[in-house]
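Here are the chains, one letter per residue:
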Amino acid sequence: MKQSAGIRDYDWWLLAIAFAICGMGVLEIHSATHSSHLAGMHWRQFIWIIVGLVFMLVLSRIDYHVILDQAPLLYLLGVVALVAVLAVGHSRFGAKRWIPILGAFLQVSELVKLIIIIVLARFFSEVRTDRLMLADLAKAAVLTGLPLGLILLQPDLGTALVLVPLAVVGAFLAGLQWKHAIVVIALGAMMLPVGWHFLKPYQKERVTTFLRPEEDPKGSGYQLLQSKIAVGSGGFWGKGIGKGSQNQGGFVPVRYSDFILAALAEELGFAGVFVTLSLYMVLLLRLVRNAQRANDRAGMYVVMGVAAILGFHVLVNVAMVIGYMPVTGIPLPLMSYGGSATLFVFMSLGLVMNVRIRRFVN
Amino acid sequence: MRFERDQKLPQVRLAIVSYVIVGMIALLLVGFWKLQIIESDHYAQLAERNRIRSIPIIAPRGRMLDREGRFLVDNYSSFSVLLLRDDPQQVERNLPQIAEGLGMPLEDLQQQLEAAKILPRFQPIVIKPEASKADIDFIETHRTDIPVLEMLMAYRRRYLPDGFMAHASGYVGEVSAQQVESSNGRNRPGDLVGKTGLERQYNDLLMGTDGMRRVIVNSVGREMGRLDEKEAVPGKPIQLTIDYDLQVAAEQSLAGRKGAVVALDPRTGEVLALASRPAPDPNQFAVRVPREEWKRLNEDPDRPLLNRAIQAQLAPGSVFKIIMATAMLESKAIPEDFSVFCTGVTDFYGRAFHCWQKHGHGQVSLHRAVVQSCDVFFYNVGKRLGIDRISYYALQMGLGRKTGIDLPAEESGLIPSEEWKQRVFHQKWYPGETISVSVGQGAVTATPLQLARAIGGIAMGGIFKQPHLLMTTGTPPEQDFSLSEETTEKVTQAMFGVVNEGGTAAGVRLEGVELCGKTGSAQVISAEGLKRAGRQRRFSDNAWFVGYAPRRKPEIVVAVLVEEGEHGASAAAPVARDVIKAYYEKKAKRSQKQYTVEYKRYEINPEPTVAEAQAAARPAPRSQEPAAANRER
């Protein structure tokens with residue numbers, strides 16, 4: 001019954017936009033690191049992109065229905081991996097997030113994000129009503145909550161939070177009722193002080209300095225300030241590639257990764273930012289469009305799961321760069337340097353292509 | 001398929017998500033618009049402040065030269081270790097390593113950091129003012145792992161060793177907070193300014209204007225490029241009236257005894273030598289004065305920080321008799337052939353007044369009274385003149401008031417009068433006090449500088465030039481109290497006799513030089529007080545001698561004070577003679593055209609020679625050093 005589903009049906013526009021963003025990322029990584037001991041980093045990023053493309057190709061070939069069939073097993077694998085990383089994981093920057101896979105250190109939580117997209121797509125596609133029942137909402141919360149808690153234990157607040165919009169968007173599309181939404185928001189608000197209690201000191205510091213930056217001009221408040229200085233001093237046209245003093249002088253923190261947009265904003269100005277954010281917007285809208293044309297609800301949930309995670313990344317990272325949110329350590333998809341993150345984005349795009357090329361399949 | 005396909009999609013909700021995405025991106029773009037367009041200038045300024053660091057270029061201070069162009073105070077270059085404080089975490093991390101590398105206590109560093117908290121963070125602080133070779137090596141080799149250290153070239157003052165001329169030159173130190181405030185932005189914290197002496201008096205001339213180098217730095221303060229540079233304007237050198245040779249003679253002859261030597265040219269008021277001992281070594285202050293050292297200097301009972309030449313206010317003793325003699329002749333209140341029979345003791349107002357010569361001088365007139373320093377004669381003169389007339393003449397000849405020398409903190413001494421006693425003590429003046437004042441005891445006090453100026457002025461016939469240390473071309477201010485030719489002749493003849501007619505200073509006679517002068521041995525405590533306290537060295541008499549040459553129109557006058565020297569003739573007069581002798585030897589060579597300026601280093605400790613010192617100070621600042629003729633090294 002299955003008809004041929006091939007590369008011809010890929011969303012080439014989506015891929016082109018992704019490449020454009022990757023290109024700007026590689027360019028800015030080069031600019032930010034070429035004169036430092038990190039020189040050559042843009043080549044490494046380039047290689048990650050190629051590897052990502054291969055993963056995307058592979059993942060798009062396996063029918064997502066087949067993958068969704070294995071959701072319970074994948075979920076189990078994900079949870080086991082998260083427990084394993086807590087037990088034997090490799091510490092970096094004070095957090096256990098890495099386990100050695102394929103000779104490189106991969107961030108397990110990136111893989112888990114992918115798994116949760118699949119698990120929730122499967123779960124919501126089995127909810128048959130137009131109105132999401134409270135019991136189903138609770139089940140979805142538990143399904144998301146377990147890995148989220150495990151990631152929190154690493155501790156990696158940023159990645160853990162990424163799972164939240166995934167569940168929220170899924171629930172919304174599954175027919176979340178307004179009264180439930182209000183109850184959940186109210187409950188969440190009540191949980192905030194409790195959650196605060198569980199934050200690590202450095203996380204608390206990030207939040208307090210975000211709320212009152214003048215109290216810590218050198219810590220994460222300093223990072224935010226330097227980022228804003230970089231962005232603001234860029235002006236409309238920017239200072240030119242390789243000419244941003246905030247970027248080249250190393251004033252912008254991790255300017256090749258989490259704060260890459262600050263570096264870009266300084267060197268390419270508002271014009272560059274406008275182009276970049278427009279690309280992200282088109283990318284996200286393109287994902288929604290693919291969801292709208294999915295063959296079934298399951299495919300839609302997969303694509304929208306990807307959209308939710310990427311959109312959340314963009315929102316949180318960009319808002320941080322302009323000082324609208326505290327420092328969370330969430331990279332900008334496709335632009336920030338990082339192997340695991342790049343692989344994740346391309347694999348999730350692989351899922352999107354997977355759904356797309358099967359949109360006419362019946 | 002284990003799950004059924006549902007092809008009914010929630011299109012409305014998907015559309016809502018699209019709008020949320022557009023809204024989200026729009027919101028973020030508004031945020032960028034606000035930063036990059038509206039507040040762009042503000043952030044551009046902050047970025048500039050981040051990337052540009054201003055590094056001061058220290059201007060060398062002007063040197064001090066003697067009247068023949070020889071260096072009296074010089075500079076040498078040294079490196080200060082700067083701590084860049086832009087990155088407190090980095091500083092925190094590096095601090096123990098820095099403490100070890102520079103050999104400084106960690107607590108000391110932490111204290112300095114704490115004290116600098118009030119300064120803006122981009123302003124580096126000097127943590128070690130004088131870096132050794134090892135310190136420089138340490139900083140160079142740890143450039144990468146300790147990026148917070150920097151070196152700053154600075155100039156330090158080099159004074160001649162062992163406190164040579166230290167009281168005249170003064171010393172420099174870090175500017176005080178009050179000075180910074182009152183300087184209208186000329187001084188910045190950490191600047192070196194003159195604290196005492198000529199360094200302070202001519203600070204504005206000597207101090208240059210620091211330059212500024214603006215460099216591009218990265219976030220850890222590493223220099224990445226240069227922008228512009230404002231050159232430092234070196235301070236102006238000053239030429240002093242001091243004659244190095246005479247200063248050497250004075251210092252060597254005083255030989256570290258507690259006292260002072262002032263040599264003036266009475267024709268111009270030029271100070272040829274000015275020595276005061278004990279003296280601190282200002283080289284030790286050139287960097288930072290250790291607290292204990294400062295405390296020790298301040299609490300030393302010998303008061304090494306006191307410039308005795310202008311600040312020691314002591315009874316002038318018999319030197320004052322010259323003032324008395326001049327007053328007696330000028331006032332004509334007493335006939336000039338007035339004479340007294342000295343038995344060694346006399347009685348006034350029911351109290352016995354002794355002459356220093358227990359057996360008495362016999363019949364004495366003015367000339368012999370000066371030559372032999374007869375106290376009884378001057379007791380009688382004083383009684384007849386009265387305190388107010390004595391006071392009038394003494395003041396006219398420059399005692400009891402500041403001479404106006406170009407040094408800070410000069411003292412005025414004291415010439416008592418009836419009015420003064422009433423004003424200060426609310427008491428009537430007792431006639432017996434006048435008797436004491438007549439021989440330079442009692443309330444009367446004077447500084448060595450005042451006495452040199454007074455005696456030199458009298459020998460000049462009543463022209464009292466204002467003493468000064470800075471070589472000027474103009475005519476210095478003077479105090480004209482013209483004496484009659486007769487008075488001048490008589491008084492100078494008497495002072496000639498003191499040395500040349502078997503007087504009290506007969507021992508310092510100089511062949512071929514009309515050396516004149518007056519000795520003095522002043523009690524520090526009354527005879528009764530001395531008996532009570534028992535004879536201790538602390539109460540030994542102060543020895544004075546003021547000598548000059550030639551007898552009329554003198555070229556040099558030298559006042560010498562040797563505290564606790566007992567006798568003016570034996571302790572003080574030889575010092576004056578040595579200085580005057582040096583002056584005449586030099587003059588003789590010059591008239592025979594054999595004179596070349598020599599700069600033999602004044603030495604007590606084996607220190608590097610001046611030539612070596614100057615070689616070490618190279619590369620020399622672009623100073624406008626005057627072409628000193630005939631300088632030999």
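Residues numbered from 1 in each chain as written. Chains lettered and ligands numbered in written order. Predicted model: local features only at pLDDT ≥ 70, side-chain atom pairs only at ≥ 80, totals over all residues.

## Some details on the overall build of chain A
Logical step 1: Tallying secondary structure elements over chain A gives 14 helices and 3 strands in all.
Logical step 2: Restricting to contacts in chain A with at least 6 residues of sequence separation, those with at least 24 account for 72%. (Helix = DSSP H or I, 4+ residues; strand = E, 2+ residues; numbered from the N terminus. Contact = placed C-beta atoms within 7 Å.)

## Describing the packing of helix H5 (residues 108–125) of chain A against helix H6 (residues 134–152) of chain A
Residue and element names in this part refer to chain A.
Logical step 1: Interaxial distance between H5 and H6 falls to 10 Å at its minimum, and their mutual angle equals 175 degrees. With respect to their mutual orientation, H5 and H6 come out roughly antiparallel. Within the contact between the two elements, H5 uses Ser109, Val112, Ile116, Val119, Leu120 and Phe123 and H6 uses Ala140, Leu143, Thr144, Pro147 and Ile151.
Logical step 2: Residues of the contact of H5 with H6, tallied by class, amount to 9 nonpolar, 2 polar and no charged. (Axes fitted to C-alpha atoms, helices over the stretch in contact; angles between N-to-C directions. Parallel < 35°, antiparallel > 145°, perpendicular 65-115°, else oblique. Nonpolar A, V, L, I, M, F, W, Y, C, P; charged D, E, K, R; others polar.)

## Some words on the interface of chain A and chain B
Logical step 1: Tallying the contact residues gives 49 residues for chain A and 41 residues for chain B.
Logical step 2: Among the secondary structure elements, those contributing two or more residues to the side of chain A that touches chain B are helix H3 (64–69), H5, helix H7 (157–173), helix H10 (220–234), helix H11 (245–248), helix H12 (260–292) and helix H13 (297–321) of chain A.
Logical step 3: The element best represented in the side of chain A that touches chain B is H12 of chain A, accounting for 13 residues.
Logical step 4: Partitioned by chemical class, the residues of the side of chain A that touches chain B number 26 nonpolar, 15 polar and 8 charged.

## Comments concerning the sheet that holds strand S19 (residues 516–522) of chain B
Residue and element names in this part refer to chain B.
Logical step 1: Overall, antiparallel pairing links the 5 strands, which are arranged S12-S11-S21-S20-S19 in an open sheet. Bordering the open sheet on either side are strand S12 (270–277) and S19, each of which pairs with just one other strand. Neighbour to neighbour, the strand axes of the sheet diverge by 5 degrees on average, direction disregarded.
Logical step 2: Packing of helix H22 (residues 568–591) onto the sheet brings it into contact with strand S11 (259–265), S12, S19, strand S20 (542–549) and strand S21 (556–562), and relative to S20 it is tilted by some 30 degrees. (Pairing = 2+ DSSP bridges.)

## Describing H22 of chain B
All names here are of chain B.
Logical step 1: Compared with an ideal rise of 1.5 Å per residue, which puts 24 residues at 34 Å, H22 spans 33 Å between its outermost C-alpha atoms and is within 8% of the ideal.
Logical step 2: Where H22 bends most, at Pro574, the angle is about 25 degrees.
Logical step 3: In the segment just after H22, Lys593 is the residue with positive phi, at about 55 degrees. (Expected span 1.5 Å × (residues − 1). Bend = angle between axes of the 7 residues up to and from the residue.)

## Quick word on the pairing of strand S8 (residues 211–217) of chain B
Residue and element names in this part refer to chain B.
Logical step 1: Pairing of strand S1 (residues 52–57) with S8 involves 6 bridges; the strand directions are antiparallel. Within the sheet, the bridge partner assigned to Arg53 lies in S8 and is Val215.
Logical step 2: Relative to strand S9 (residues 223–230), S8 is paired through 5 bridges, and the arrangement is antiparallel. Pairing of Met212 across the sheet is with Lys230, part of S9.

## Things to note about the sheet that holds S1 of chain B
All names here are of chain B.
Logical step 1: Read from one edge of the open sheet, 3 strands run S1-S8-S9, paired in antiparallel fashion. Edge positions in the sheet fall to S1 and S9, since each has one partner strand and no second. Between one strand and the next, the sheet's axes are offset by a mean angle of 30 degrees, whatever the strand orientation.

## Comments concerning the environment of Leu510 of chain B
Residues and elements named next belong to chain B.
Logical step 1: Among the structural elements, Leu510 can be located in the loop between helix H20 (485–500) and S19.
Logical step 2: Taking the C-beta count within 10 Å as the criterion, Leu510 has 16 such neighbours and is therefore assigned partly exposed.
Logical step 3: It is 8.7 Å that separates the C-alpha atoms of Leu510 and Asn500, two residues lying 10 residues apart in sequence.
Logical step 4: If sequence neighbours within four positions are ignored, Leu510 has contacts with Leu515, Arg577, Ile580 and Lys581. (Buried ≥ 20, exposed ≤ 12 C-beta atoms within 10 Å, placed from the backbone.)

## Some details on helix H10 (residues 244–254) of chain B
Residues and elements named next belong to chain B.
Logical step 1: Burial analysis of H10 places 10 of its 11 residues in the buried class, the great majority of the element.
Logical step 2: Packing partners of the buried residues in H10 comprise strand S3 (71–83), S11, S12 and H22.
Logical step 3: Directly after H10, the chain includes Ala255, whose backbone phi takes a positive value near 50 degrees.

## Here's the deal with unusual backbone geometry
Residues and elements named next belong to chain B.
Logical step 1: Cis geometry marks the peptide bond from Arg277 to Pro278, where omega comes out at -5 degrees.
Logical step 2: The topology assignment puts Pro278 in the loop between S12 and helix H11 (291–299).
Logical step 3: In this model, Ala255 sits at a positive phi of 50 degrees, which is unusual for a non-glycine residue.
Logical step 4: Relative to the helices and strands, Ala255 resides in the loop between H10 and S11.
Logical step 5: Positioned with a positive phi, His426 is a non-glycine residue whose angle comes to about 50 degrees.
Logical step 6: With respect to the element layout, His426 can be found in the loop between helix H17 (418–425) and helix H18 (431–438).
Logical step 7: His426 sits in the exposed class, given 7 other C-beta atoms within 10 Å.

## Concerning the confidence of the model for chain B
All names here are of chain B.
Logical step 1: Summarising the model, chain B shows a mean pLDDT of 84, and 88% of its residues fall at 70 or more.
Logical step 2: Below a pLDDT of 50 lies the segment residues 604–633, which in the model reaches 52 contacts outside its immediate sequence neighbourhood of four places, other chains included.
Logical step 3: Under the prediction, the complex receives an ipTM of 0.92, its pTM being 0.65. (pLDDT = per-residue confidence, 0-100.)

## Observations concerning the nonpolar core
Logical step 1: One finds Val261, Val262, Val558 and Val579 of chain B to be the most contacted residues of the largest nonpolar core, which totals 129 residues.
Logical step 2: Sorting elements by how many residues they give to this core places H22 of chain B first, with 10 residues.
Logical step 3: Counting residues domain by domain, this core receives three or more from each of domain 1 (53–239) and domain 2 (244–591) of chain B.
Logical step 4: Beyond its immediate sequence surroundings of up to four residues, Val261 of chain B is in contact with Ala250, Leu254, Ala273, Ala275, Val558, Val560, Val575 and Val579 of chain B.
Logical step 5: Counting residues in hydrophobic clusters, the runner-up holds 128 residues, among them Ile21, Ala32, Ala71 and Ala140 of chain A. (Core = buried A, V, L, I, M, F, W, Y, C linked by C-beta atoms within 7 Å. Domains from an automatic or database assignment.)

## Quick word on the packing of H13 of chain A against helix H14 (residues 339–357) of chain A
Residue and element names in this part refer to chain A.
Logical step 1: Two elements in contact, H13 and H14, have axes separated by 9 Å at closest approach and are oriented at 150 degrees. As judged from the angle between their axes, H13 and H14 are roughly antiparallel. The chirality of how H13 crosses H14 is left-handed. Between H13 and H14, the residues in contact are Gly299, Val302, Val303, Val306, Ile309 and Leu310 and Val345, Ser348, Leu351, Val352 and Val355, respectively.
Logical step 2: Here the contact of H13 with H14 is composed, by residue class, of 9 nonpolar, 2 polar and no charged. (Left-handed = near helix turned anticlockwise from the far one by under 90°.)

## Section: the confidence of the model for chain A
Logical step 1: On average, residues of chain A carry a pLDDT of 85, and 90% of them reach 70 or more.
Logical step 2: Summarising per-element confidence for chain A, the mean pLDDT is lowest in strand S2 (residues 95–101) of chain A (56) and highest in H12 of chain A (95).

## Topic: the environment of Leu240 of chain B
Logical step 1: Here Leu240 of chain B is to be found in the loop between strand S10 (238–239) and H10.
Logical step 2: The residues touching Leu240 of chain B, leaving out its near neighbours within four places in the chain, are Met64, Leu65, Asp66, Arg67, Leu72, Leu469, Leu470 and Met471 of chain B.

## Comments concerning the environment of Thr472 of chain B
All names here are of chain B.
Logical step 1: Here Thr472 shows up in the loop between strand S17 (463–465) and strand S18 (478–480).
Logical step 2: Taking the C-beta count within 10 Å as the criterion, Thr472 has 14 such neighbours and is therefore assigned partly exposed.
Logical step 3: In this structure the C-alpha to C-alpha distance between Thr472 and Leu240, which are 232 residues apart in sequence, comes to 8.7 Å.

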